[in-house]
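Reading the structure
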Amino acid sequence: MIDTVTTGAAMSQNVLFVDDAPDLLVGLQAMFGGRFAVRTAAGAEEGLAAIHEHGPFSVVLADMGMPAVNGVQFLARVREMSPDSTRMLLTGNADLRTAVEAVNQGHIFRFLTKPCDQQQLTEAIEAGIDRNQALLTERQQLESMQLGNIRLLTDILRAANPAISAKSMRIARSVRHINRRLDLPITGRLDAAASLSQLGCITLPAELVQQAYVGARLTPDEQAQYDAHPLAAQALLASIPTMGAVGWIISQQFVRHIPAQSPLSSGTDSASMVFGAKALKLAAAFDAYRMRMLTDKEAISRLRSRDTEFEKAMIDLLAELAAENTIMELRKVPIAQLEVGMVLEQEIRSRHGMLKMARGQQITALLRIKLCSLVHAGIIEGHVLVQAPV
């Protein structure tokens, strides 16, 4: 593998050339090394390794006639690993069948035939870089829009029902722990799905939600209403751009067997969504047991008994979090002395009985300020029962 390191604005974009002909790679290196940040790979296997170790690349250009794995098959793999990379195919056999396969499997941007002169190849690479930049800009705009939507919806949850908001926060904490222990990045949509997992509950009567959360006996009709809240959330999110995947993950909370592939995606993206759905379902089930006054150990035991629904490795990671929770002690402390990380062990209600904050909510700096202001205004009592680190 050959690298070129140069300076200049053009070097902010990198290009990967993949071919099994060493002489051609040397020529491409000499031709474009001064214009782009070039990396070359001798064959498909080395190309995939380069993407894994040094990607993503703005443009990936591969030769069709590579042995073992041809250019079309290679670019199909690139699409799974690095979907925003612009993919181009160089071939000496420009037949219709090859072109159709390239479009259908690799979703290529340009189909170039040999011999291809330097100007034509330069123009193709520059167009590929422009396309990659446009995709990244669009993705950033969508992510910014999604973040704004999530903030708005979490504010709605908090205002609508503190118990719903608190349960969502506890579930999100468990999901983040599982991700962190697996050394996986916290994807925006998984974090959104965990934080909005109870969104559908705002369509239900508050009394029904409270009864369901604590495990009270419900009528068949009430149980059916509550069990439908993940689908209600999916329906609410369906009309919001970029939130379709978030809605699907949420919708799987009560599904007995989560499908092996998401209907909204494929490849590694689908696998990520399925993982997210499994992690969220497990975290929600764990919290449901805890809200019914089971100990963490009892809750983990119940989850292990449902071995056809939950993966043992995920339960083990959740058990670690439960073990961390046990290194806490029950205290009654002045609200002014609350510390970040403490967990409320009681509901906080106004002197007139209005729920202000639900049991199980973890204290943050913002929540502490809010509680102190309520005490100062004489709306709530000045002491609260919490779980605090020993």
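Preceding this paragraph is the structure being described.
Let me sum up the structure you'll find in this document. The residue count restarts for each chain, going from 1 along the sequence in the order it is written. Local features are withheld for residues below a pLDDT of 70 in this predicted model, meaning they are given only at 70 or higher, and side-chain atom pairs are given and counted only at 80 or more; totals for whole chains, interfaces and linings count all residues. Hydrogens and waters are ignored; side-chain quantities use all the structure's heavy atoms.

The rule is short: rings of Phe, Tyr and Trp, with Trp giving its six-membered ring, pair when the centres are within 6.5 Å, and they are stacked under 30 degrees, edge-to-face over 60, tilted in between. For the structure shown, the criterion picks out four aromatic pairs. Centroid distance Y213 to Y226: 6.3 Å. Interplanar angle 85 degrees. Geometry classified as edge-to-face. Note that Y213 is positioned in helix α8 (residues 206-213) and Y226 in helix α9 (residues 220-227), a separation of 13 residues in sequence. When its relative accessible area of 2% is taken as the criterion, Y213 is described as buried. Measuring from ring centre to ring centre gives 5.9 Å for Y226 and F254, while their planes differ by 40 degrees; the resulting arrangement is tilted. Of the two residues, Y226 is situated in helix α9 and F254 in the loop between α11 (244-251) and α12 (267-291); the sequence distance between them amounts to 28 residues. Relative accessibility decides the category of a residue: with a 1.4 Å probe and only protein chains considered, values under 20% of the type maximum give buried, values over 50% give exposed, and everything between is partly exposed. Residue classification places Y226 among the buried positions, given a relative accessible area of 9%. With relative accessibility at 40%, the residue F254 sits in the partly exposed group. Every helix listed is a DSSP run of H or I at least four residues long, and every strand listed is a run of E at least two residues long, numbered separately from the N terminus.

One turn of the α-helix equals 3.6 residues, which is why residues spaced by three or four share an orientation. Restricting attention to buried positions, one finds in helix α13 (residues 296-305) the residues D296, A299, I300 and L303. Buried residues in α13, looked at end-on, bunch into an arc of 100 degrees, giving them a common side. Turned more than 90 degrees off the buried face of α13, the exposed positions are K297 and S305. To obtain the arc, one takes the directions from the helix axis to the C-beta atoms.

Locating S350 in the fold gives a position in the loop between β8 (348-349) and β9 (355-357). Overall, S350 belongs to the buried group, its relative accessible area being 12%. Note on definitions: a residue-residue contact is assigned when non-hydrogen atoms from the two residues lie within 4.5 Å. In this view, S350 contacts K356, I379 and I380; residues no more than four positions away in its chain are not counted.

A few words now on helix α7 (residues 188-195). Judged by how many residues are buried, α7 sits mostly within the fold: six of eight residues are covered. Here α7 has its buried residues at R189, L190, A192, A193, A194 and S195.

All right, on to the sheet that holds strand β3 (residues 59-63) then. Note on pairing: DSSP must find at least two bridges between two strands before they are called paired. The parallel open sheet is built from five strands, whose spatial order is β2-β1-β3-β4-β5. Taken across any chain shown, the strands that pair with only one partner, and hence form the sheet edges, are β2 (37-42) and β5 (110-113). For this sheet, the mean inter-axis angle between neighbouring strands, taken without regard to orientation, is 20 degrees. Axes here refer to lines fitted to C-alpha atoms; in helices the fit is confined to the stretch in contact. Angles between the N-to-C directions go from 0 to 180 degrees. Of the strands in this sheet, β1 (14-19) and β2 are in contact with helix α1 (residues 22-32), which crosses β2 at around 180 degrees.

Any Lys or Arg side-chain nitrogen located within 4 Å of an Asp or Glu carboxyl oxygen qualifies as a salt bridge. The full count for this structure, using the stated rule, is 14 salt bridges. Where E309 meets K281, a salt bridge forms, and the shortest distance between an N and an O atom there is 2.9 Å. Of this pair, E309 sits in the loop between α13 and α14 (312-326) while K281 sits in helix α12, placing them 28 residues apart in sequence. By the burial criterion, E309 is buried, and K281 matches it. R304 is paired through a salt bridge with D316; the nearest N and O atoms lie 2.8 Å apart. Of this pair, R304 sits in helix α13 while D316 is found in helix α14, placing the two residues twelve residues apart along the sequence. The exposure class of R304 is partly exposed, given its relative accessible area of 37%.

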